[in-house]
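Structural overview for review
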Amino acid sequence: MEKIHRSLLEENLVLFEGACGTGKTLSALVPSLHVGKQLGKTVFIATNVHQQMLQFIDEARQIKRTHDIKVLVFKGKMGMCPLKQGYDECEAKRDNTYDLMEIEKEINLKKQESKAAWDEYKSSGEAAHASLRDAVDEEREKLEEKASSLRKRSCDPLYEVLRAEDEKFQKWLFQDVRDPEEVNDYAAENGMCGYELLKRELKNADLVIANFHHILNDMIFSTMLRWMDKEPEDLIAIFDEAHNIENAARSHSSITLTEHAIESALAELNANEKSDLFTSMPVEDVEAVLSILLEVVRDTYDNRFKFGERQRVGRNWYDIRISDPYERNDVVYARFMRRMKETGYGEEKQVQELLGIAAEVGGLLDNAYHEQYKQGQTPILKRSHLKPTAEFFSQYLKLCNNENYYPVLNVRRDQGGEIYGRLELFTCIPKNVTGPLLDSIYSAILMSATLRPFV
Ligand code: SF4
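The shown structure was predicted, so the numbers you read here are calculated from the model rather than taken from an experiment.

Scoring rules and cut-offs
Residues numbered from 1 in each chain as written. Predicted model: local features only at pLDDT ≥ 70, side-chain atom pairs only at ≥ 80, totals over all residues. Heavy atoms only, no water. Phe/Tyr/Trp six-rings, centres within 6.5 Å; stacked < 30°, edge-to-face > 60°. Helix = DSSP H or I, 4+ residues; strand = E, 2+ residues; numbered from the N terminus. Lys NZ or Arg CZ within 6 Å of the ring centre and 35° of its normal. Pairing = 2+ DSSP bridges. Axes fitted to C-alpha atoms, helices over the stretch in contact; angles between N-to-C directions. Buried < 20%, exposed > 50% of the residue type's maximum accessible area, 1.4 Å probe, protein only. Near = heavy atom within 4 Å. Nonpolar A, V, L, I, M, F, W, Y, C, P; charged D, E, K, R; others polar. Domains from an automatic or database assignment. Contact = heavy atoms within 4.5 Å. Expected span 1.5 Å × (residues − 1).

Let us look at the packing of aromatic side chains. Tallied over the full model, the rule gives 14 aromatic pairs. Geometrically, the ring pair formed by Y195 and W227 is edge-to-face, given 6.1 Å between the ring centres and 85° between the ring planes. Residue Y195 is found in helix α10 (residues 194-201), and its partner W227 is found in helix α12 (residues 218-228); the two are separated by 32 residues along the sequence. Put simply, the rings of F336, F392, F393 and Y396 touch in pairs and so form one group of aromatic residues. The ring of W172 has R178 sitting right over it, with the charged end atom 4.1 Å from the ring centre. Across from the ring centre of W317, 4.2 Å away, lies the NZ or CZ of R422, which sits over that ring.

What follows covers the sheet that holds strand β8 (residues 405-413). With respect to topology, four strands assemble into an open sheet ordered β6-β9-β8-β7, the strand pairing being antiparallel. Only two strands of the sheet have a single neighbouring strand rather than two, namely β6 (255-258) and β7 (318-321). Across this sheet, the average inter-strand angle for adjacent strands is 30°, counted without regard to direction. For β6 and strand β9 (residues 419-427), the ladder comprises four bridges, and the chain directions are antiparallel. When the bridges of β9 are listed, L257 appears paired with L423.

This part covers the pairing of strand β10 (residues 443-448). In terms of burial, β10 is largely enclosed, as six of its six residues are buried. Of the two faces of β10, the one lined by S443, I445 and M447 and the one lined by A444, L446 and S448 are each fully buried. The pairing of strand β1 (residues 13-17) with β10 spans five bridges and is parallel. Looking at the pairing, V14 lines up with I445 of β10. Bridge count for strand β5 (residues 235-239) against β10 is four bridges, and the pairing is parallel.

With that settled, consider the site of the ligand. Near the ligand, the surroundings consist of K77, C81, P82, Q85, C90, C155, P157, L158, C193 and E196. Among the residues making up the shell around the ligand, the classes are represented as seven nonpolar, one polar and two charged.

Domain annotation of the protein identifies domain 1 (2-69 + 206-252 + 434-454), domain 2 (87-154) and domain 3 (255-428). Spacing between the C-alpha centres of domain 1 and domain 3 amounts to 37 Å.

Our next topic: the side chain of R140. Mapped onto the secondary structure, R140 falls in helix α6 (residues 127-152). Sequence-distant contacts of R140, that is, excluding residues within four places in its chain, are made with I107, K110 and K111.

Inspection of the secondary structure puts T25 in helix α2 (residues 24-39). If we skip the residues at most four places from it in the chain, T25 touches Q55, F56, E59 and M447.

Given a rise of 1.5 Å per residue, 22 residues ought to cover 32 Å, and the 32 Å separating the end C-alpha atoms of helix α15 (residues 283-304) matches this to within 8%. Restricting attention to buried positions, one finds in α15 the residues V283, V286, A288, V289, L290, I292, L293, L294, V296, V297, T300 and Y301.

A few words on the sheet that holds strand β2 (residues 42-47). Across the sheet, six strands lie side by side as β1-β10-β5-β2-β4-β3; this open sheet has parallel pairing. Each of the sheet's edge strands pairs with one partner strand only, and the pair in question is β1 and β3 (71-73). Here the strands of the sheet are splayed against their neighbours by 15° on average, with no regard to which way each runs. In terms of strand pairing, β2 meets strand β4 (residues 207-211) through five bridges, oriented parallel.

Not every positive phi belongs to a glycine, and E11 is a case in point at roughly 60°. Mapped onto the fold, E11 is located in the loop between α1 (2-9) and β1. Backbone geometry places D229, a non-glycine residue, at a positive phi of 60°. Within the secondary structure layout, D229 lies in the loop between α12 and β5.

Topologically, L173 is positioned in helix α8 (residues 166-175). With relative accessibility at 1%, the residue L173 sits in the buried group. Remark: the alpha-carbon pair of L173 and Y186, spanning 13 residues in sequence, is separated by 9.5 Å. Once residues lying within four places of it in the same chain are set aside, the contact partners of L173 are L72, R178, V183, L198 and E201.

Pasting the structure below:
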């Protein structure tokens, strides 16, 4: 423990092995919390195994008996949302809820203005005050109509969180070490969203216990930091079962694009051809890029199937090799560029420009869809397929022949038994994920019962 403590003070990375039941958790936690308190850092434990999370909660409870630490066990939205909403639906509901709160504030102000005008009228008898009150009441009624429409599309559990005082939940949460189920029970009893309650308290925690993906996924990690009101250098990270990092990092760096997504992007292009949003985009050229990509993906797996292989494709993804592990020369890339040239397009640079414009226009479409959903014009929140398709393919073209990445074509059968394909690009070097992360945080402890992947 002393060695770990010293290493942390020296901002070193600590790597240690200990068999199960030898007290690894406590040996990592105690010095980290001590250094955290001394230097004003937050300790962030990342684990991938549910059983280990329970172990951490248990150890944290023991420490809590003698030390005043604030512990927060964080769980993803999917496991916490009482309405079982997806990420985007939740975002739209959240926006509506915030808008609703604002409008309700305005309504209250109007009520006060109306009362003041009426009081003036009663004491002065001047008709102008009565007219003012009527005008204010009219504005209030319009706002109330708007609020009533927003209320149908907002999130009640979040609304309750926003109305509640922070202190009550905060006091309850940090009185003990609460697991997410307890938080959900508390939230349900109070008609609230447990996820939102936890999010609000992240900035007050000394110790956060979360999942690997909360720190290994770049986007999620930045969001967590924002909620914690911290910079990466404010964190001491403890990676439990650290021998799993390699796989976890890889799974967070793999990007994919299905044939259906390309079809949807093409359909979106056709459906919005005449939209004002598309005026800046050479629709025909973008359509050519996506159509050729779709054709190449289909031709590639059709041509690559060996005798009897097609029949073996089932409902699970089946990998088809499209690139030599040493030489590279990605087949999809080569075919795509050849077809583009045959069709009269130039070099990769031109394709990249078209993809850049398509991604930008896709972003505008996303904003428009979001607004439509917010206004209640669409019952579900639509997402642009153009943007992720263009972004994926742009990355793919840049990286498919880079030695640190590896492209694969996967195929499987859909519900109707038809085969369809998916392009996948994953990084062969988990260090691409872990390197920048470990460089950016204050220090880290990687512990495991087996150091095998590291030696
Ligand atoms: S704010 Fe909470 S309850 Fe509302 S949709 Fe999002 S996760 Fe669900």
